[in-house]
Each structure stands twice: as structure tokens, then as C-alpha cells.
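Close look at the chain arrangement
Take a look at the letters that make up each chain.
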Amino acid sequence: MNVLIIGATGTIGGTVRERLLQNPQIHLTSLARHADRLTEAVNEILVSADLFDVAQLAEVIKDQDFVFVAVSGDMVGAAKAVVTAMEKTGVKRLAFISSMGIYNEVPGKDPQAPIPAILRPYRQAADLIENSALNYTIIRPGWFTRGPVDYQITHKGEPFGGHDVSLNSIANLVSRLVQQPTLYNQESIGINTPS
């Protein structure tokens, strides 16, 4: 299986990368603006690229089976670039890190209230992906911790659980998504450590 991580030098991307490199069945491509900060593993290709250069991105995506995106900054621009490149190449399977709270699903929040300004780009990126022709899973994590694998999943429309989640739990979930092609297809899921 060919898997691409976009944002491989980030906190989430790096943790997912470490997890996926343990599986010899996965041929990993790790993309980052400065991929030279990483040490290439046996079953891995490192790529330094500009996420917003759609032609360059499409060239990297074209032979992938699964694309995982964990970036910060211009979330809407990132979602547009990834969706465009994937649709151009015919690659369908995408897992994209967003944020808890984009649907006001955190307990105590009014679901009808306006989305807080800080979360609007995350919501817009999720909406763009949900309206694409891709086979997506939007992952909405709680605050990151360094704990063990221990998590629960909530679905869009359900109240979010606890407010934090370990990076190891996120990596475990992504590994499951890679290995189980139909798991959480066309879904936006929350991931948190049970309270």
C-alpha cells in the first residue's frame, strides 16, 4: 500500500509517520516543506514540496493509495490544493486533520451559535472536503497529549467526548484507516480520550 503523509515534520504527521514506518507492508512518502529535516527510512521516500503548488502536489499524489494530511496555517488553501490534486489524479482516499469544535459539538456549546472565528477555517476546509468527490475521513482531535493509546470516536452530530487525546491514539486511528479501507468512509469523526 502506498501512503502519503502531507505535513510529515509536524507534531501529528511525525507521530503518524513513526507508526506507519513500523508496518513493512506500507510504502511511505513523507512530504514536508523541509523534508530534509527527516532521516529517510528503508520503506520511505522523502519529498520537499510546496503544498500549494497543485501541479507539484499532483505529481506526488498520483501513485498513492491513501493520503493523510496534518498541516497548520492556511487550512482552506491546503484543503483546496489537496482536493484539486487528488481529483486531478483520480486518487480517492483521504484522511484530513481538522479540529474539535467545528460543529459546536463540544458539550456546553450551542450547536446553533456561530462558529468561533479561530475555528472557521477548519470548518470551511471540512466543508470543502465533504463536498468533494473524494472518499474522505475528517478527523477532529481534542487537545494533544503524549499519553498511551486510549480513545473513543464520536460522529458528526454527536456531542464530543473528553477534551484531549494522545498523539499515539491519533496515530493508531490513522493506521487503522490505512489498513481497513472502508473504516469511517465519508465521515467526520471526533477522537478523544474518554473522561
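Here is a short report on the structure shown in this document. This is a predicted model, so every value here is computed, not measured.

Some details on the environment of Thr145
Mapped onto the elements of the fold, Thr145 is located in strand β7 (residues 143-145). When the C-alpha atoms of Thr145 and Ser169 are compared, they prove to be 9.4 Å apart, with 24 residues separating the residues in sequence. For Thr145, the contacting residues outside a window of four places in its chain are Asp164, Val165, Ser166 and Leu167.

Topic: the layout of surface pockets
Put simply, the largest pocket is a space of about 850 Å³. Along its surface, the largest pocket is lined by 36 residues, and Ala70, Val71, Ser72, Gly73 and Met75 are the ones closest to its centre. In terms of residues, the lining of the largest pocket owes the most to one element, helix α1 (residues 11-20), which gives three residues. Its residues assigned to classes, the lining of the largest pocket shows 20 nonpolar, 12 polar and four charged.

A few points about the side chain of Asn172
Relative to the assigned elements, Asn172 resides in helix α5 (residues 167-179). Overall, the relative accessible area of 14% leaves Asn172 in the buried class. The contacts of Asn172, once residues within four sequence positions are left out, are Arg19, Val149 and Tyr151.

Thoughts on the sheet that holds strand β8 (residues 152-155)
Taken in spatial order, the eight strands line up as β3-β2-β1-β4-β5-β6-β10-β8 in an open sheet, and their pairing is mixed. Every interior strand has two partners, whereas the edge strands, β3 (44-48) and β8, have only one. In this sheet, neighbouring strand axes are inclined to one another by 20° on average, regardless of whether the strands run parallel or antiparallel. Pairing analysis gives five bridges linking strand β6 (residues 135-141) to strand β10 (residues 187-192), with the strands arranged parallel. Opposite Ile139, over in β10, you have Ile189 as the bridge partner. Packed on one face of the sheet, helix α3 (residues 75-89) meets β1 (2-6), β4 (66-69) and β5 (93-97) and runs near 175° to β5.

Definitions and limits used
Residues numbered from 1 in each chain as written. Predicted model: local features only at pLDDT ≥ 70, side-chain atom pairs only at ≥ 80, totals over all residues. Heavy atoms only, no water. Helix = DSSP H or I, 4+ residues; strand = E, 2+ residues; numbered from the N terminus. Contact = heavy atoms within 4.5 Å. 1 Å grid on protein atoms, 1.4 Å probe; cavity = no way out; pocket = protein on both sides within 12 Å on 5 of 7 lines; lining within 4 Å. Points joined across faces, edges and corners; volume = space filled by probe spheres on them. Nonpolar A, V, L, I, M, F, W, Y, C, P; charged D, E, K, R; others polar. Buried < 20%, exposed > 50% of the residue type's maximum accessible area, 1.4 Å probe, protein only. Pairing = 2+ DSSP bridges. Axes fitted to C-alpha atoms, helices over the stretch in contact; angles between N-to-C directions.

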